[in-house]
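Structure at a glance
Read off the chains here:
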Amino acid sequence: MDLADTARDAEFRAGLRAWLAGALATAPPAPPAHDWPARRAHDLGWQRRLYDAGYGDVHWDATPARRLIFLEETERAGAPYVGAGFVGLLHAGPTIAAEGTPEQRERWLPAILRGEEVWCQGFSEPEAGSDLAALRTRARRDGDHYVVTGAKTWTSHAQIADWCELLARTDPDAPRHRGISWLALPMDAPGVTVRPLRTLAGSTEFAQLFLDEVRVPVRNRVGAEHDGWRVSQVTLGFERGTAFAGEVVACRRTLGEIAAEARRVGRWEEDPVTRRRLGRLHAEFRALWRLVQWNVGAAEAGGGVPGVRGSIFKLRYARARQALYDAAADVLGADSLDLDRPWTPERLSSLSYTIAAGTSEIQLGIIAERGLGLPKGR
């Protein structure tokens, strides 16, 4: 697939670059990391500005080339990324676009694109993380509602979310991968309790979510009843395949900063091991960006869902990100123990990437079974 700029793409890039220069000059500063109401307002405000300028739907409706141009240019300019809107823009929104009814698409997609609503993800549970099919949250049918009871954990941005993409078991007697439904849960419904979690790096973007007899309208179910496992794989395909694309661009920028720091402290000239290490990472992230291009193009050709290619990307990216921040720690030396120094919090958070969005072992299993056609492990 040729993703070189066409004349029209070059025009799009130039227009976006010019717009970013003006918009960022008047953009408010980012709020403190732990002020979640302020972060919500900041991130949704930026999304609204993108929407008003004609860039709000670039993650969904643009061509693959323009989607990648958008990621490159916004990262190059230091623009805000999706922030608090990432679940809606990169997970729930694309899933609803692919699997939802016309009424569901009309209800939720414009609000996401206009920066009016935040979504969180209610998939993982205290005893069902990587083994997602072991989830225990129940959704009992009661007329035109489901009555949901259970608990979720690692629920991103739950404390400021309007909606939750929720997996719940609607048929407790069905086999593990059946009898699950994908529901849009209103976060202001009676019976919803949110308790923020603090990570090793000191961040608070995750929360525990407790559901006590929460009533969810049946019309909020995306996909058929009991077909939530298949719909969840669509969601996870987006999460693994394209949601990390902007982070690859950011990692390439960070790698340049690490190389500059190595030169500043004398590691570049005096230590050939460091030069080779950073050189390998440069090649690794160039290859990952090519893989992003491949995934986006293949998803477009295949109906918009990344599929097994998402697992290939996620597996490699998780390892590369950890290697990147390990290299940063080596360049910083003892200063890498200081949480106030550049890259240290990112290094701690990078440890989670071989677990988040499905462990590396899960990705290997998906690649083996769905990509290579190997028999399932016992």
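Reading the values: the criteria
The written sequence of each chain sets the order in which its residues are numbered from 1. Reporting in this predicted model follows two pLDDT cut-offs: at least 70 for local features of residues, and 80 or more for side-chain atom pairs to be given and counted; totals over whole chains, interfaces and linings ignore these cut-offs and use all residues. Neither water nor hydrogens contribute to the side-chain values; these are computed over all heavy atoms in the structure. In DSSP terms, a helix is any run of H or I states spanning at least four residues, a strand is any run of E spanning at least two, and both are numbered starting from the N terminus. Only C-alpha atoms enter the radius of gyration, while the globule expectation follows 2.2 Å times N to the 0.38, with N the number of residues. Each residue gets one of three labels from its accessible area relative to the maximum for its type: buried under 20%, exposed over 50%, partly exposed in between, using a 1.4 Å probe on protein chains only. Per-residue and other accessible areas follow the Shrake-Rupley method at a 1.4 Å probe size, with only the shown protein chains counted as cover for residues. The charge count includes Lys and Arg as positive and Asp and Glu as negative, but it does not include His or the ends of the chains. To locate a charge, take atom NZ for lysine, CZ for arginine, CG for aspartate or CD for glutamate. At least two DSSP bridges between two strands are needed for those strands to be called paired. Under the convention used throughout, the expected extent of a helix is 1.5 Å for every residue step, that is, one less than its residue count. For this analysis, a polar contact is any N or O atom pair within 3.5 Å, provided that within protein one partner can donate a hydrogen and the other can accept it, and provided that sequence-adjacent residues contribute only side-chain to side-chain pairs. A contact between two residues is defined here by any heavy atoms of the two lying within 4.5 Å. Put simply, a nonpolar core is a bunch of buried Ala, Val, Leu, Ile, Met, Phe, Trp, Tyr and Cys residues held in one set by side-chain atoms that sit within 4.5 Å of each other. Any carboxyl oxygen of Asp or Glu that lies within 4 Å of a side-chain nitrogen of Lys or Arg is treated as forming a salt bridge with it. Fitted lines through C-alpha atoms give the axes, limited to the stretch in contact for helices. The angle between two N-to-C directions lies from 0 to 180 degrees. Oblique is the label for every angle not falling under 35 degrees (roughly parallel), over 145 degrees (roughly antiparallel), or within 65 to 115 degrees (roughly perpendicular). The handedness criterion is simple: a crossing whose near helix is rotated anticlockwise from the far helix by less than a right angle is left-handed, and one whose near helix is rotated clockwise is right-handed. Residue classes follow a fixed rule: Ala, Val, Leu, Ile, Met, Phe, Trp, Tyr, Cys and Pro count as nonpolar, while Asp, Glu, Lys and Arg count as charged, and any other residue, Gly among them, counts as polar.

To continue, consider the overall build of the chain. Helix and strand content of the chain: 13 helices and 8 strands. For 378 residues, the compact-globule estimate of 2.2 N^0.38 gives 21 Å, and the C-alpha radius of gyration of the chain, at 21 Å, lies within 12% of that figure. Viewed in the frame of its principal axes, the chain has a C-alpha envelope of about 70 × 50 × 45 Å. Taken over 378 residues, the chain has a buried fraction of 49%. Accessible surface computed for the chain: about 17700 Å², of which carbon and sulfur atoms make up 53%. One finds the centroid of the 49 positive side-chain charges in the chain at a distance of 4 Å from the centroid of its 49 negative side-chain charges.

Moving on to the pairing of strand β4 (residues 163-169). Regular strands place side chains that alternate from one sheet face to the opposite one. Of all 7 residues that make up β4, 7 are buried, and the element is covered over most of its length. A two-sided burial pattern is seen for β4, the buried positions comprising W163, E165, L167 and R169 on one face and C164, L166 and A168 on the other. Here strand β1 (residues 119-122) pairs with β4 via 4 bridges, running parallel. Within β4, the position partnered with Q121 by the bridge is E165.

A word on helix α6 (residues 102-113). Here α6 contains 12 residues, and its C-alpha end-to-end distance of 16 Å stays within 8% of the 16 Å for a straight helix at 1.5 Å per residue. Turning to α6, its buried residues number three or more, namely Q104, W108, L109, P110, A111, I112 and L113.

Summarising the element assignment, T274 is placed in helix α10 (residues 272-301). Engagement of the side chain of T274 in a polar contact is seen with the side chain of R267, the distance being 3.0 Å. Setting aside its immediate chain neighbours within four residues, T274 contacts A262, R267, D330 and V331.

What follows covers the nonpolar core. Of all hydrophobic cores here, the largest spans 29 residues; its most connected members are V248, L278, F285, L288, Y317 and L324. Put simply, the parts of the chain that give this core at least two residues each are α4 (64-77), α8 (245-264), α10 and α11 (308-332). For this core, the element with the highest residue contribution is α11, accounting for 10 residues. Residues in contact with L288, not counting those within four places in the same chain, are V248, F313, R316, Y317 and A320.

Per the stated rule, a full pass over the model turns up 24 salt bridges. Ionic pairing is found between E116 and R48, a salt bridge with its closest N-O pair at 3.8 Å. Of this pair, E116 sits in the loop between α6 and β1 while R48 sits in helix α2 (residues 36-52), placing them 68 residues apart in sequence. Owing to a relative accessible area of 32%, R48 belongs among the partly exposed residues under this scheme. A salt bridge links D330 to R277; the shortest N-O distance between them is 3.3 Å.

A relative accessible area of 3% means that T274 is categorised as buried. Separated by 108 residues in sequence, T274 and L166 place their C-alpha atoms 45 Å apart.

The description of two packed helices rests on the angle between their axes and on the distance between the axes. Interaxial distance between helix α1 (residues 7-25) and α4 falls to 10 Å at its minimum, and their mutual angle equals 30°. By the angle between their axes, α1 is roughly parallel relative to α4. The two elements α1 and α4 meet at a crossing, and its hand is right-handed. On α4, the residues that touch R8, D9, F12, R13, L16, R17, L20 and L24 of α1 are A65, R66, I69, F70, E72, E73, T74, R76 and A77.

At their nearest, the axes of α8 and α11 sit 10 Å apart, and the two run at 20° to each other. In this view, α8 runs roughly parallel relative to α11, as classed from their interaxial angle. In the crossing of α8 with α11, the sense of the turn from one axis to the other is left-handed. Counted together, E247, V248, C251, T254, L255, I258, E261 and A262 of α8 and F313, Y317, R321, L324, Y325, A328, V331 and L332 of α11 form the full contact between these two elements. Its residues placed into classes, the contact of α8 with α11 shows 12 nonpolar, 1 polar and 3 charged.

Take G310: it is sitting in helix α11. Note on G310: relative accessible area 0%, which makes it buried. Residues G310 and L236 lie 74 residues apart in sequence; the distance between their C-alpha atoms is 8.4 Å.

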